[in-house]
Amino acid sequence: MALRPPLPRPPPLPYLVGVGLTPFGRHDGSSAIGLMAQAAQAALDDAGMERGQIDGLLCGYATTLPHLMLSTLFVERFALQPAYAHSVQLGGATGAALLMLAGDLVRAGRCRRVLVVAGENRLSGQARDSAIQTLAQVGDADMEVPNGASVPAYYALLAARYLHETGTTEADLAELAVLMRRHAQAHPGAQLRSPLSVADVLASKPIATPLKLADCCPISDGAAALVVAADPSGGPGPRVLLRGAGQAHRHQHLSALQSVLACGAAEAAQRALAEAGVAPAQIGHLALYDSFTITLAMLLEELGFAPRGGSAALARAGHFGPQGALPLNLHGGLLSYGHCGVAGGMAHAVEAVLQLGGRAGVRQGRAATHALVHADGGVMSSHVSLVLTREA
Amino acid sequence: MDSTTSAFTQGLAAGVLRYQRCQACGQALTGQRWACTACGSARLAWCDAAGSGTVWAVSQVHRAPTDAWRALAPYTLVLVDLDEGPRVMAHGGPGLAIGARVLAQPVLLAGQALMRFDLAQPPMPGPASSGATSPPLGATPPRAPGTTLP
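Residues numbered from 1 in each chain as written. Chains lettered and ligands numbered in written order. Predicted model: local features only at pLDDT ≥ 70, side-chain atom pairs only at ≥ 80, totals over all residues. Heavy atoms only, no water.

J.: Would you mind showing me how to read the overall build of chain A here?
T.: Looking only at helices and strands, chain A features 12 helices and 11 strands. For chain A, the C-alpha radius of gyration of 20 Å lies close to 21 Å, the compact-globule estimate for 392 residues. With respect to the three principal axes, the spread of C-alpha positions in chain A is 75 × 45 × 40 Å. For chain A, the proportion of its 392 residues judged to be buried stands at 61%. For chain A, long-range pairs separated by at least 24 residues make up 77% of all intrachain contacts whose partners lie at least 6 apart in sequence. When the accessible area of chain A is evaluated, it comes to approximately 14000 Å², of which 54% is carbon and sulfur surface. Distance between charge centroids for chain A: 7 Å, based on 27 positive and 28 negative side chains. (Helix = DSSP H or I, 4+ residues; strand = E, 2+ residues; numbered from the N terminus. Rg over C-alpha atoms; globule rule 2.2 N^0.38 Å. Buried < 20%, exposed > 50% of the residue type's maximum accessible area, 1.4 Å probe, protein only. Contact = heavy atoms within 4.5 Å. Areas by Shrake-Rupley, 256 points an atom, 1.4 Å probe, with all protein chains shown as cover. Lys, Arg positive; Asp, Glu negative; His and termini not counted. Charge placed at Lys NZ, Arg CZ, Asp CG, Glu CD.)

Right, dumping it as structure tokens:
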């Protein structure tokens, strides 16, 4: 009788077993490493894990701490001994890219328990002009930045074109800022919680037409962390699987964006959905990057969760609310929870994990099985999509 | 201006708007490339643009990033599709809207040699008009399009 070769073991699957998120806002006296440590400890506690169990560390970057080896620095300060560590830089898409990589490290068997962490004192650690000038460098250093351009100006040009092509109005964009503020009001960690109306948004001071101050996310201090592990046991609540991921990179600079109707977001999402084997109609929860109201409108519409020019109407109808058909950014998003860089984009994933797991407390939205997380870096330049799935 | 200054920036300093064109397939390129986006060839050359184009996007910037720019705010930024094909970011004169026909002229703003696009003068009526636009008074005469620089 011939011996059969042993059946190959199925590859390990990556589960999101712990999350940590600090309040966002002004934390005077905070440091990048200190904020990262706070979120990392919260994620370990949530996962019921000791730091010695972490065998992989992935971190982002901090504009207030431009260190060559941020991951190793954090390893030393946070007393880790991982077998694998480095940082990743992909602008606002970094957090989602870190989670995608952590998932791949687990699937490949390279790591069993990966800590993903980012944070910085972006608001209190530098002058506002300094932050704005650093961020402006996502533009072309020769062809764009010398014009006195900035990230809000790039997005304003993008918005001007998008409004022109789709018939979206400034009041439509304002509706999305109002939606994020309404959601933030249920989260004690959110930076901006005062009531906001469409009229308030339209009357807020001009930044770069058509964008006003309330169309733009604030600059924040804060941090976020998640633990991605091959073994889901021990984590709180139902298992949440990182089921699929995808990326797309078509350009860096706004000048090189060919069409505002196809910036690469849909391509990344299609890859993630295909890997997950999940149809767009099965997605029941959304966690979408919202650095500006235009960002959110473009993503909702390119990803197919709203018709072109139709995001605001759906928002007004309650479609994206906690009990709506497709709850969106129930923590308040970058627009109201706040934006401290890499961790700002990770807060969406933290909220999606809590929502899928039914662990969001007073913010808990309608039950969903599949969530889509999407982040963009630069000026809709780099795109990362994740499909998260709650297992029964 | 040292040897690392880009051909584009050198062009601005000379009052000329430049873009790259593929010497293999003829494609005009946006941005600064090492390879052609159409055919992949690395044989690219910088050319001088005529300076005429169409506004793709326009924004009036109120919140400037630096003190030097704050002194000039609000100012208008535009993305213009040049008639040669590439899209460029620049300053804009008053009264610009998406779709407007514009012409570039060199300007010095906040200590930077830049380009500003203004509304192209409507073509002169009469049988000689072929829809072509003439450069605004005082503009640097454009170099012959397609001029290849070393």
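J.: Sorry, what's going on with the pairing of strand β7 (residues 101-109) of chain B here?
T.: As a general feature of sheets, a regular strand has side chains that alternate between the two faces. Residue and element names in this part refer to chain B. Across three bridges, the pairing between strand β4 (residues 52-61) and β7 is antiparallel. In the strand pairing of β7, Gly53 is matched with Val102. Between β7 and strand β8 (residues 112-119), which follow one another and run antiparallel, lie two residues, and Ala110 among them has a positive phi close to 50°. (Pairing = 2+ DSSP bridges.)

J.: Sorry if this is basic, but what is going on with the pattern of salt bridges here?
T.: Where side chains of opposite charge bring their charged atoms close, a pairing between them can arise. Residues and elements named next belong to chain A. This structure, assessed with the given rule, holds 19 salt bridges over all chains. Across the salt bridge formed by Arg161 and Glu165, the nearest N and O atoms sit 2.8 Å from each other. Taken together, the residues Arg161 and Glu165, both in helix α5 (residues 151-166) and four residues apart, mark about one turn of the helix. Since its relative accessible area comes to 14%, Arg161 is described here as buried. On the basis of relative accessible area, Glu165 is assigned to the partly exposed category, the value being 34%. Residue Arg316 is joined to Glu175 by a salt bridge in which the shortest nitrogen-to-oxygen separation is 2.9 Å. Note that Arg316 is positioned in helix α10 (residues 311-316) and Glu175 in helix α6 (residues 170-184), a separation of 141 residues in sequence. Residue class for Glu175 comes out buried when judged on its relative accessible area of 10%. (Salt bridge = Lys/Arg side-chain N within 4 Å of Asp/Glu carboxyl O.)

J.: I tried to follow the packing of helix α3 (residues 94-107) of chain A against helix α12 (residues 342-356) of chain A on my own but got confused; where do I start?
T.: Geometry of a packed helix pair, given as the angle between the helix axes and the separation of the axes. All names here are of chain A. Between α3 and α12, the shortest axis-to-axis distance is 7 Å and the interhelical angle comes to 60°. Taken together, the axes of α3 and α12 lie oblique to each other. Residue-level contacts link Thr94, Gly95, Leu98 and Leu99 of α3 to Val342, Met346 and Ala349 of α12. Of the residues contributing to the contact of α3 with α12, the split by class is five nonpolar, two polar and no charged. (Axes fitted to C-alpha atoms, helices over the stretch in contact; angles between N-to-C directions. Parallel < 35°, antiparallel > 145°, perpendicular 65-115°, else oblique. Nonpolar A, V, L, I, M, F, W, Y, C, P; charged D, E, K, R; others polar.)

J.: Explanation requested: the environment of A:Arg113 in the structure shown.
T.: Residue and element names in this part refer to chain A. Considering the arrangement of structural elements, one finds Arg113 in strand β4 (residues 113-121). On the basis of relative accessible area, Arg113 is assigned to the partly exposed category, the value being 23%. When the C-alpha positions of Arg113 and Leu16 are compared, they lie 9.9 Å apart, and in sequence the two are 97 residues distant. In contact with Arg113, not counting residues within four places along its chain, are Met49, Gln53, Ile54, Asp55, Gly56, Val228 and Ala229. A polar atom in the side chain of Arg113 sits 2.8 Å from the backbone oxygen of Gln53. (Polar contact = N/O pair within 3.5 Å; in protein donor to acceptor, adjacent residues only side chain to side chain.)

J.: Just checking my understanding: could you explain the sheet that holds strand β3 (residues 44-48) of chain B for this structure?
T.: The strands that make up a sheet are held in pairs by hydrogen bonds between backbone atoms, and each pair lies either parallel or antiparallel. Residues and elements named next belong to chain B. Spatially, the three strands line up as an open sheet ordered β2-β1-β3, and their pairing is antiparallel. The two strands at the open ends of the sheet, each matched to only one other strand, are β2 (28-29) and β3. Bridging between strand β1 (residues 18-22) and β3 involves five bridges; their strand directions are antiparallel. From the neighbouring strand, Arg21 faces β3, where its bridge partner is Ala45.

J.: Would you mind going over the nonpolar core with me for this structure?
T.: Nonpolar side chains in soluble globular proteins generally cluster together in the buried interior. Residues and elements named next belong to chain A. Formed by 115 residues in total, the largest nonpolar core has its most connected members in Leu286, Ile294, Leu300, Leu386 and Leu388. What Leu300 contacts, discounting residues up to four positions off in sequence, is Leu176, Leu286, Leu288, Phe305, Ala306, Ser311, Phe320 and Leu328. In terms of nonpolar packing, the next biggest core, distinct from the first, is built from 27 residues, Ile33, Met36, Met49 and Cys59 among them. (Core = buried A, V, L, I, M, F, W, Y, C linked by side-chain atoms within 4.5 Å.)

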